[in-house]
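The residues making up each chain are set out below.
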Amino acid sequence: MRDPMQALATCFEQVAFFFPSGNPRLQESFEQRARYLDSRNYPRVELVDTLKAYHRFLGANKETLQMIDELRRNETLVVITGQQAGILTGPLYTLYKAMTIIRLAEEQRKRLGRPVVPVFWIASEDHDWIEIHKTFFLNYKGKPFPCSLQGDGEGKSVGILPVPSWEAIELQLLQLPDSEFRDLVLQHCRRFLNQAENLAQWFALTLQWLLQKWGLILFDPLLPEFKRLAAPMYEQILKLHCGVREALFRRTEAWTKLGFSAQIQPLGGEVNLFLAYPERRAILNQGHGFYLRGQDKILDNDVLPMLLRKDPGMFSPNVVTRPIVQEFLFPTLAYVPGPGELNYWAQLGEVFSSFGFIMPILFPRLSAVIVTPSWQKTLSKEGLTLADVYQGLDGYKERCIRDRDSLDIEHRIQHLRSVIEKGYKELEPLEDIHANVHDWIIRNEMKVNLQIEYLRKKLWQAQRKKYGAVLEGLRVLEDGITPNKGRQERILNPLYFVTLFGEGFIDRIAELPLTGDFCEQNILL
């Protein structure tokens, strides 16, 4: 399968059809998009009033409240991204996404000469418990350990789930290495947990703390006020579901013909809305009326419109229509996706057109690997590169131990085997003594060789123990750069690095250049 990230970065003209707002690396794309947004209307007053009330609850600072006030002005545009409400912000790439919209908004504010503000859409309506219930840190030995929530999510939207007790979280976080900043980090974590009523609020408070001086605006679509603002779009989605489904099919077919994989795989009949009635289920329609997934009963034609008028909070968009609701609510100059999101957004261009919208610019998020001073020292001392670490160090560890073998363990063992083999050959004339002597000699030689192999393994075990400090340093390096054999940005929680280096660590992320191509950059601490 082709890589959409590479295509977007190196041969945009080949995929331009799927990204109608233009190349994210060209300023003219942003200028053209801004002119288009100026022709649209948005519920700015209601949006700002609700955002201000929400952020006052979060304890937002004046920088954030000022950004929200700017959104009231017709000329203000938005750079937006979104992510599920992972515990303690989830993996590093959540922070990278947020910093990308902050930096891109700052850049476009200067280039366009008008207000551009960063908005982070908390995907609180999502019910993917597996995705958010666990996050990873490194302990004092540099080994990954999880901080996780109990339960199974009960199939509910994660944003409404209650927060855990501080005791349950603290017990896990006490494995963090001791440092100058550890107590402060734990104090903040405890305060946010005590203030939050649900996982979405816990996420928002934690992310706000890390990025407070940049004025990041947070948006929780589960808030009743936001649901009421989105209600007209839910109504449109219900009316246009057939056309939306066909638009998605056509664009997906064109995308896959170019050799890309389809991230969105419809099962059939999707209306692309969920209904909590009472539990959250997908609304379907295959030509015989609306019904809910897992149920056979056809709903009366007036049931869904009636429920929508009565309580918009019962409805929520799916992966296809969430971007549409976002486009309806916000003057979106650009959306910042991760690699997986880029793939499914490419399937949505005609869906946007179905509602009379044009898909926003897609600007790839920052990608980075953090390298601590101790990891840098190991890399330098061993003459390794990050590429070597990504390929795995098992082979290097073996060579490392063998290269430090000054006593020629393998040569001496092989010599011993040769001597023994020669000795047993000299016993062959004894086979004339009895018919069983031949078998006795073979079995005895096998036992001796097994003992030699045992001796060989013990010698190498001792050699590894002798250079255990070297191997431990390589293990710590691997667990830091590729924890759990995965990419650091997808596994480790940013609070691990805040614990070690303080909030100044976030400034190092803010210094990264915006490349717009998912190119991984190094943060040398």
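Below: a short report on this structure.

About the cut-offs
- Residues numbered from 1 in each chain as written.
- Predicted model: local features only at pLDDT ≥ 70, side-chain atom pairs only at ≥ 80, totals over all residues.
- Heavy atoms only, no water.
- Helix = DSSP H or I, 4+ residues; strand = E, 2+ residues; numbered from the N terminus.
- Buried < 20%, exposed > 50% of the residue type's maximum accessible area, 1.4 Å probe, protein only.
- Contact = heavy atoms within 4.5 Å.
- Areas by Shrake-Rupley, 256 points an atom, 1.4 Å probe, with all protein chains shown as cover.
- Lys, Arg positive; Asp, Glu negative; His and termini not counted.
- Charge placed at Lys NZ, Arg CZ, Asp CG, Glu CD.
- Salt bridge = Lys/Arg side-chain N within 4 Å of Asp/Glu carboxyl O.
- Phe/Tyr/Trp six-rings, centres within 6.5 Å; stacked < 30°, edge-to-face > 60°.
- Lys NZ or Arg CZ within 6 Å of the ring centre and 35° of its normal.
- Pairing = 2+ DSSP bridges.
- Axes fitted to C-alpha atoms, helices over the stretch in contact; angles between N-to-C directions.
- 1 Å grid on protein atoms, 1.4 Å probe; cavity = no way out; pocket = protein on both sides within 12 Å on 5 of 7 lines; lining within 4 Å.
- Points joined across faces, edges and corners; volume = space filled by probe spheres on them.
- Nonpolar A, V, L, I, M, F, W, Y, C, P; charged D, E, K, R; others polar.
- Parallel < 35°, antiparallel > 145°, perpendicular 65-115°, else oblique.
- Core = buried A, V, L, I, M, F, W, Y, C linked by side-chain atoms within 4.5 Å.

**What about the overall build of the protein chain?**
Here comes step 1: Along the backbone of the protein chain there are 25 helices and 13 strands.
Here comes step 2: Of all 525 residues assigned to the protein chain, the portion counted as buried reaches 55%.
Here comes step 3: In the protein chain, once contacts between residues fewer than 6 apart in sequence are set aside, the share between residues at least 24 apart is 76%.
Here comes step 4: Split by element, the accessible area of the protein chain, about 24400 Å² in all, is 52% carbon and sulfur.
Here comes step 5: Treating the 63 positive side-chain charges of the protein chain as one cloud and the 64 negative ones as another, the clouds have centres 2 Å apart.

**Brief notes about the pattern of salt bridges**
Here comes step 1: Per the stated rule, a full pass over the model turns up 29 salt bridges.
Here comes step 2: The shortest N-O distance in the salt bridge between Arg114 and Asp38 comes to 2.6 Å. With a gap of 76 residues between them, Arg114 in the loop between helix H6 (92–112) and strand E2 (116–122) and Asp38 in the loop between helix H3 (27–37) and helix H4 (44–58) connect regions that are remote in the sequence.
Here comes step 3: A salt bridge links Lys156 to Glu154; the shortest N-O distance between them is 3.1 Å.
Here comes step 4: You can call Lys156 partly exposed: its relative accessible area is 39%.
Here comes step 5: By relative accessible area, Glu154 is classed as exposed at 57%.
Here comes step 6: Salt bridges sharing common partners tie together Glu410, Arg417, Glu453 and Arg456.

**Considering the packing of aromatic side chains**
Here comes step 1: All told, the structure shown has 18 aromatic pairs when counted by the stated rule.
Here comes step 2: Both rings, one in Phe17 and one in Phe18, keep their centres 5.2 Å apart while their planes meet at 80 degrees; by these two values the pair is edge-to-face.
Here comes step 3: According to the relative accessible area criterion, Phe17 is exposed, its value standing at 53%.
Here comes step 4: Ring pairs connect the aromatic residues Phe12, Phe17, Phe18, Phe19, Trp255 and Phe260, which therefore count as one cluster.
Here comes step 5: Over the ring of Trp460 we find Arg402; its NZ or CZ atom is 4.8 Å from the centre of that ring.
Here comes step 6: Positioned above the aromatic ring of Tyr467 is the side chain of Arg404, whose terminal nitrogen or guanidinium carbon lies 5.9 Å from the ring centre.

**A closer look at the sheet that holds strand E9 (residues 315–317)**
Here comes step 1: Strands sit in the order E8-E7-E6-E9 across an open sheet of four strands; the sheet is antiparallel. Every other strand in the sheet has two partners, leaving strand E8 (290–292) and E9 as the edge strands with one partner each. Ignoring strand direction, the axes of neighbouring strands in this sheet form an average angle of 35 degrees.

**Side note on the layout of surface pockets**
Here comes step 1: Considered as a void within the structure, the largest pocket measures approximately 1200 Å³ in volume.
Here comes step 2: What lines the largest pocket is a set of 45 residues, and nearest its centre among them are Gln84, Asp126, Asn318, Val319 and Tyr344.
Here comes step 3: At the level of secondary structure, the elements contributing two or more residues to the lining of the largest pocket comprise strand E1 (77–83), H6, E2, helix H12 (241–257), strand E6 (270–276), strand E7 (280–285) and helix H15 (339–345).
Here comes step 4: In terms of residue class, the lining of the largest pocket is built from 20 nonpolar, eleven polar and 14 charged.

**Topic: the packing of H4 against helix H10 (residues 199–210)**
Here comes step 1: With their axes 10 Å apart at the nearest point, H4 and H10 run at an angle of 75 degrees to one another. Considering their axes alone, H4 and H10 lie roughly perpendicular with respect to each other. Only Gln201, Ala204, Leu205 and Gln208 of H10 make contact with H4, whose side of the interface consists of Tyr54, His55, Phe57 and Leu58.
Here comes step 2: Its residues placed into classes, the contact of H4 with H10 shows five nonpolar, three polar and no charged.

**Details of the sheet that holds E1**
Here comes step 1: Taken together, five strands build an open sheet; the order of strands is E5-E2-E1-E10-E11 and the sheet is parallel. Among the strands making up the open sheet, the edge pair consists of strand E5 (217–219) and strand E11 (361–362).
Here comes step 2: Lying on the sheet, H4 is in contact with E2 and E5; it crosses E5 at an angle near 100 degrees.
Here comes step 3: With respect to the sheet, H6 is in contact with E1, E2 and strand E10 (332–335), its orientation differing from that of E2 by roughly 160 degrees.

**Quick word on empty space enclosed by the protein**
Here comes step 1: Overall, the coordinates contain one cavity of 30 Å³ or more when judged by the stated rule.
Here comes step 2: The computed volume of the largest cavity comes to approximately 50 Å³.
Here comes step 3: In this structure, the largest cavity is lined by Trp121, Glu125, Phe219, Pro221, Phe226, Lys227, Ala230, Tyr234, Pro317, Val325 and Leu329.
Here comes step 4: Taken together, the elements giving at least two residues each to the lining of the largest cavity come down to helix H11 (224–239) and helix H14 (322–329).
Here comes step 5: For the lining of the largest cavity, the class distribution of residues is nine nonpolar, no polar and two charged.

**Brief notes about the nonpolar core**
Here comes step 1: Among the nonpolar cores identified, the biggest contains 161 residues, and Phe19, Leu173, Trp202, Leu211, Phe315 and Phe330 are the most heavily contacted of them.
Here comes step 2: Of the residues forming this core, the biggest block, eleven residues, is contributed by H6.
Here comes step 3: Beyond its immediate stretch of four places on either side in the chain, Leu173 contacts Leu88, Phe137, Cys147, Trp166, Leu186 and Cys189.
Here comes step 4: Listed in part, the ten residues of the second largest apolar core include Val437, Ile452, Trp460 and Leu471.

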